[in-house]
Each structure stands twice: as C-alpha cells, then as structure tokens.
Protein chains: 2
Amino acid sequence: MTTSFPMNAGDVPYSYSKNSHLQREVLDGAKEMMKEVIIEHLDIKNMLSSSNKFYIIDLGCSIGPNTFNSMQHVVQVVKDKYHDNILEFQVFFNDHVNNDFNTLFRSLPVDRSYYASGVPGSFHGRLFPSRSIHVAHCSSAIHWLSKTPKELLDEKSSSWNKGLINYIGASNIEVMNAYVAQFEKDMEMFFNARAEEIVPGGMMVLISPQLSEHLLKFFGSSLLDLVNEGKLDESLVNSFNVPVYFPSIEDMTKVVEKNDCFSIERVELTHPKSKLVDEADAKTLMINLRAVLEGLFINHFGSKIAKEAFTRTILKSDEVSAWMKINYKKACQLFIALKRK
Amino acid sequence: MTTSFPMNAGDVPYSYSKNSHLQREVLDGAKEMMKEVIIEHLDIKNMLSSSNKFYIIDLGCSIGPNTFNSMQHVVQVVKDKYHDNILEFQVFFNDHVNNDFNTLFRSLPVDRSYYASGVPGSFHGRLFPSRSIHVAHCSSAIHWLSKTPKELLDEKSSSWNKGLINYIGASNIEVMNAYVAQFEKDMEMFFNARAEEIVPGGMMVLISPQLSEHLLKFFGSSLLDLVNEGKLDESLVNSFNVPVYFPSIEDMTKVVEKNDCFSIERVELTHPKSKLVDEADAKTLMINLRAVLEGLFINHFGSKIAKEAFTRTILKSDEVSAWMKINYKKACQLFIALKRK
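Notes on the structure in this doc start here. Everything numeric in this text was worked out from a predicted model, so none of it was measured.

Attention now moves to the pairing of strand β5 (residues 198–209) of chain B. Residues and elements named next belong to chain B. With 11 of 12 residues buried, β5 is to be regarded as a mostly interior element. Where strand β4 (residues 133–139) lies against β5, 6 bridges are found, and the strand directions are parallel. Among the inter-strand pairings, H137 is bridged to a residue of β5, identified as V205. For the handedness criterion, the β-α-β arrangement of β4, helix α5 (residues 173–197) and β5 is classed as right-handed.

The following block contains the structure:
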C-alpha cells in the first residue's frame, strides 16, 4: 500500500548522485551537532556489554555520496570517543527496494572503516531483528510520507486540494490537517519499528531540511502555467499531490512522546551555513530538486509534461532567487537526537 | 587484484535468474543433507546465549531464485528444530560488488520469514565483524578462483595452457598444479575470513557441483573451431583460461585442515537425482552455462565472437548428450559441513 519514488539513479547529469549538494549542506550543518550528542549522550560500555560489534543504519540513504560522508563521520566520532576500545562497525544502508543499490554499492569508498551492507525496504516498517542497532541516522528522508492522503485528490472531500501540489500555499486548513494526519500515522509506524530494533541506550538522529517545501510551489506554478496554456488538463494537477510533509519541532515532539520509547536529548531548528543559500543559487537548488522529484512527476504526468515543467521551473531562477533572499530565515533544518529508554 | 564476472543480470532470456536450473538441482540434492547436519550438529543454545538474533550468510548468492530457496530452507530447519524458541533471522546475501543486487532485492519473496540484507564484496576477504555469523552457506561458488593464474597464459612458462581454456583435458600436469595452487591460496583467504566471522559453534556448508568443468571443454572446442576457420586468432584462445577449479574431497580436506579452525562434520560426493541429467537435456545445460560464462567470454573475446562460440556450442547438444550418457557418474556434487571450533 505504500508508494515510493527513488531519487534519479546512476551518475548521469540529472542523477541524485550528481545533484545532492543541498542534502550535503544539510548534513554538514548537522555534523558538529551529531558529534556533540554522541560525545555527551552515547554510553557504549553499557550498551555493548562484552561485544565489540557496533551496528549503524542510515535510513533513506539514497545512492551517495552524502550517506558515505555521514556514516564515516558517525564511525569516526564513536572511534574517537572510545579510543581504547577495539570496535568493529557494520553500516546498513537502507532505502526503498527500488533505490539504485547497484550504484550505491559500486561507489562505496574503498578506504571506509566499516563493513557495508544494504537493506531494502520502507523504514515505516520493520527492517531488523529486535535490539540489533546501536545508532540510527536519517537525513532528508522522514518528510517523505508513505502515501498521498487520498482525500486531497477527491473533489467531494472537504480536504480537496484543487490547483495545488502540496499543503504550502493552501488556504484550506483541512489540506494541512490531512498531511499532518498522514505524517503522524507514518511516524507511529516508524517509531514502533525503531523502538524494537534499537538497543536500550542506543541513539537515533533525525535531520530534516525545511526549505524544499517552499520551493515546491514553483514547480506547482509551472504546472498551472501549462494548464492555462491548454497543454495540460487541470484534472491531472488536481489528482497530484507531492507526499512530503516537513515537521515542526512541535510535530516531532508530539510523535516521539506518543511513542514513549525514546527520550529527547536535543532538538533544535538551525540555519545551515549554506553557501548555496548564501549565494541564493536558485538554479542549482532547482536542479537539485529535479533529481529528487523527477520520478514522481514522470510517474503521474508522463515524461513530456514532467520535462516541460522542470525546464520552465529552472527558467524561473530569478523569481526563486528573489523569493529566497526575502525568505532566507525559512532555510532552516530540524535536528533531533533521541535515546532509546 | 581479484577479477569477478557476475552471472548475467536481469530476467531476460539468457539471464541467470531464468537459467539456473542446474544450480537449483544441486541445491535440491543438498537440502536433505543440510537439514540433517543442522539437526545433528547445530547447538544454538550455547551459540546464542541470551540473544535471539540468528544471522545467516549466503556467499556468492547471485540473483535468485535459488538463494531465496536455500535461505528459506535453512531458516525453516532451524525454526523446526527449536520450535519453543522465538528466534529472529537476518539473512545476508553476499556476492561481488558488480552482482545485480537491484534484481536480487526486487525479487525477494514477500512471504520470507527473515530480515534481508545485501553484502557486496569478494568472499575471499572479510565481509563482517568478528563472531557475527551463525550459519554460512555457499553453493556453486567456491570453484570460482579469485583470478586466473598468470603462468597459464605465459608461453615461456612450463604451465602454459596452449589451446585449452581450463585444466580439463590438459596433458601437462603443471597446468593442473597452477589451478590447484590458486585454489589453495584462495581458500586460505576464504577460511581465514570465515574463521573470524563465524561464532564458535557456528556452521558452514559448502556445496560444489562437479559437472560443469567437464562441459567447459565443449565451449573450448567451439573456440578452436573458430580458430581453424580463421575467424579467431589462436593467441586470443591461448591468453584465456576460465578461472574455475572444482575441488575433490581431498582438496577440501587439505585446506580445511591447514586452516585448523573448523571441524569437518560431514563430507561426501553425491549424485543428485537430477531430472536434467536423467533426461540428458544437454541443450538446457548449455544455455544454463551460457548465463554463467557469458560475461567472462564477452570481456575477453568481445560480444561477436562470444555469441558465435555460444551458438555453436549449443548446436553441439547431441555430442554433449552422448558424452553425458557415458559420463553420468561424473555428475556428482561435493557437500561439506563444517563447525567453527
């Protein structure tokens, strides 16, 4: 029942591996915080007892290079903290089964200091045996909902989201409510699964960018332009909503507390020191989003309309750039560090 | 320094997934023996202590469906033996990094009773942290050498294997010796790695078919036909040897004893009750081998010559069939069950 649309595969011009700078900025901004929470809150002596095996997952890893960068960082921080300990690390790279694991595996760094493994499947369900993971990491991924709430596409529903492709800009509060309800359902499954899989004392760090949601509206407006020019049927736009919801601190706190298996060790919204955002390089950002969204658009609109919509949106760089300068403060990211009780 | 040539990818007509009946027959023949050795020799109560996580690897798994079949069998046998125990299984599917893991993952059985994971890398090296695996399984894979011994291709060497593509049929004993030496080197690395990875009391089962080696000579003779017709340069045949060595019981016993970390619980040569061999369906067998060998042939000879050699060999089905009826007793397989001391 869940849908999934992987990032663009391979390493061709519009592939995710060549266009994940934005996600990289998010990670770089979180690295120092990641280091601090591991140093302050991770207690491996209790967690591992007599074993020296340390298991890490990256949930929603896509195809690199970002995932390699952040996994090596986690390994290094844990090694530095326990310099007297002979730990052996196994990293599990997780993403949907239609993720391009071949590209992921073939680009694994040769100088990595961990054993590598791929785990296909939705992180909204179980992926591992009970109590088998010590650190879970998830960056730029929890905002992907398991599906689009169907009432958004139903003209008879009070949540019908006519003419828009996301909750951003929707004046009807029922639209936002439908997104939030789906997010809460998904997170309930997510936390139930992780609560089983992560050992007591184990940690989970979730990082979520808050910029992309606002940029989505530019893709939506390109689709509406095509409708106005008679090139696209409006009903096709009305039957399409991008299944992403970017949670606030309050949203995250609520789902963590409802699950009740994790303590919140740190939560904050930060402004990444992003060169991309500083320079308001709108074109780079939009190409970046194309790598993320293209599969979803092609699946619904076909490749001709999808290509047209992306080309037009990238031509709006000046407009996007102007919007970004004013809304710079929205370019924040959510960082939350949790510990299994 | 190691070379690897994956089975043909995808599920197209000459793919491995559509042409692995022979390997399937090997596995079916071994299933009963696998069951017996687990029931007689595996003691999970000591091995797992307080944990209920059971980790299994399939080494050189290729892309299914055989690997799913044998992994489910191992899980089921262990479950049946410890019916009062709530075990959770994680299966690691291992093969070279250029194996088609995307196809493997997308064809995972939905009703599997284990958590699935892919591990890219050569099984001649380390793949897992120390003491993290309970059962290792390896079928139709250990006969692949990490590389072709280069003296076989060197006309100045006493091991030069002129006009042949394997040790089968070679009158020069030095050729066989070079193959055996490489096999022993590879197995030394293989057993050193597994001795670290497998927990004390953990088991490893190796299954190796003994028929394919004899069929290789038919592919070699097709190449020589092309040389005699002036369509292929003889030096190209002389610079090509298929890096497979099919060990005898004595070969296996020697490498296991040299490593000294495993006890031999059972070893035997058996004749699989193979319908394929019974009916002497030579054509099916040759198509089967094509799926296994095509990557290797194309890499050396180019796709035109490789295709021509395969087409010609499959046309020799009558000759192959006649040979098989006489040599039926050679269609045996080696089964060896080991326990980590």
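With that settled, consider the packing of aromatic side chains. Taken as a whole and judged by the stated rule, the model has 42 aromatic pairs over all chains. Ring geometry for Y167 of chain A against Y245 of chain A: centres 5.1 Å apart, planes inclined by 50°, an arrangement best described as tilted. With Y167 of chain A in the loop between β4 (133–139) and α5 (173–197) and Y245 of chain A in the loop between α7 (234–238) and α8 (249–259), this residue pair connects regions lying 78 residues apart in the sequence. The residues Y167 of chain A and Y245 of chain A share a single accessibility class, namely buried. Put simply, the rings of Y55, F92 and F128 of chain A together with Y55, F92 and F128 of chain B touch in pairs and so form one group of aromatic residues. Positioned over the ring face of F190 of chain A is R194 of chain A, at 5.0 Å from the centre of the ring. A cation over an aromatic ring shows up here: R340 of chain A above the ring of F262 of chain A, its NZ or CZ 6.0 Å from the ring centre.

The next thing to look at is the interface of chain B and chain A. At the junction of the two partners, chain B supplies 27 residues and chain A supplies 27 residues. Across the interface of chain B and chain A, roughly 2,200 Å² is buried in total on both sides, 53% from carbon and sulfur atoms. Along the contact surface separating chain B from chain A lie 2 salt bridges. Taking the shortest distance from any N to any O, the salt bridge between R126 of chain A and E88 of chain B comes out at 3.2 Å. Where chain B meets chain A, there are 23 residue pairs in polar contact (both at pLDDT 80 or more). Of all the secondary structure elements, the ones that give two or more residues to the side of chain B that touches chain A are β1 (53–59), β2 (88–95), α4 (101–106) and β3 (115–120) of chain B.

As a further point, take the layout of surface pockets. In this approach the atoms are scanned with a rolling probe the size of a water molecule, which exposes any empty space left behind. Approximately 850 Å³ is the volume found for the largest pocket. Lining the largest pocket we find 29 residues, and of these L48, S51 and K53 of chain A together with S51 and K53 of chain B sit closest to its centre. Elements with a contribution of two residues or more to the lining of the largest pocket: α2 (44–48), β1 (53–59) and β5 (198–209) of chain A together with α2 (44–48), β1 and β5 of chain B. When residues of the lining of the largest pocket are assigned to their parent elements, the largest contribution, 3 residues, is made by α2 of chain A. Looking at the lining of the largest pocket, its residues break down into 10 nonpolar, 15 polar and 4 charged.

Rotating chain B by 180° and moving it 0.0 Å along the rotation axis overlays it on chain A with an RMSD of 0.0 Å. On the angle and the small slide along the axis, the relation comes out as a two-fold axis. By C-alpha distance to the rotation axis, the residue of chain B lying nearest is G118 of chain B, at 2.4 Å. The fraction of interface residues of chain B whose copies in chain A are also interface residues reaches 100%, indicating that both copies meet through the same surface.

Our focus in this paragraph is the environment of P247 of chain B. Residues and elements named next belong to chain B. Residue position: P247 is located in the loop between α7 (234–238) and α8 (249–259). Take P247: its relative accessible area is 0%, and that puts it in the buried class. Separated by 38 residues in the primary sequence, P247 and P209 have C-alpha atoms spaced 9.4 Å apart. Excluding anything up to four places from it in sequence, P247 contacts I142, F183, S208, Q210, M252 and L334.

This part is about the packing of helix α10 (residues 282–301) of chain A against helix α12 (residues 317–326) of chain A. Helix packing for two helices is described by the angle between their axes and how far apart those axes are. Residue and element names in this part refer to chain A. Where α10 meets α12, the closest approach of the two axes is 8 Å, and the angle between their N-to-C directions is 105°. Judged by the angle between their axes, α10 and α12 are roughly perpendicular. Counted together, A282, K283, L285 and M286 of α10 and S317, V320, S321 and M324 of α12 form the full contact between these two elements. A class-by-class count of the residues in the contact of α10 with α12 yields 5 nonpolar, 2 polar and 1 charged.

Thresholds, definitions, all that
Residues numbered from 1 in each chain as written. Chains lettered and ligands numbered in written order. Predicted model: local features only at pLDDT ≥ 70, side-chain atom pairs only at ≥ 80, totals over all residues. Heavy atoms only, no water. Buried < 20%, exposed > 50% of the residue type's maximum accessible area, 1.4 Å probe, protein only. Helix = DSSP H or I, 4+ residues; strand = E, 2+ residues; numbered from the N terminus. Pairing = 2+ DSSP bridges. Right-handed = clockwise from strand over helix to strand, strands pointing away. Phe/Tyr/Trp six-rings, centres within 6.5 Å; stacked < 30°, edge-to-face > 60°. Lys NZ or Arg CZ within 6 Å of the ring centre and 35° of its normal. Contact = heavy atoms within 4.5 Å. Buried area = accessible area lost by both parts, 1.4 Å probe. Salt bridge = Lys/Arg side-chain N within 4 Å of Asp/Glu carboxyl O. Polar contact = N/O pair within 3.5 Å; in protein donor to acceptor, adjacent residues only side chain to side chain. 1 Å grid on protein atoms, 1.4 Å probe; cavity = no way out; pocket = protein on both sides within 12 Å on 5 of 7 lines; lining within 4 Å. Points joined across faces, edges and corners; volume = space filled by probe spheres on them. Nonpolar A, V, L, I, M, F, W, Y, C, P; charged D, E, K, R; others polar. Least-squares fit on C-alpha atoms with pLDDT ≥ 70 in both. Axes fitted to C-alpha atoms, helices over the stretch in contact; angles between N-to-C directions. Parallel < 35°, antiparallel > 145°, perpendicular 65-115°, else oblique.

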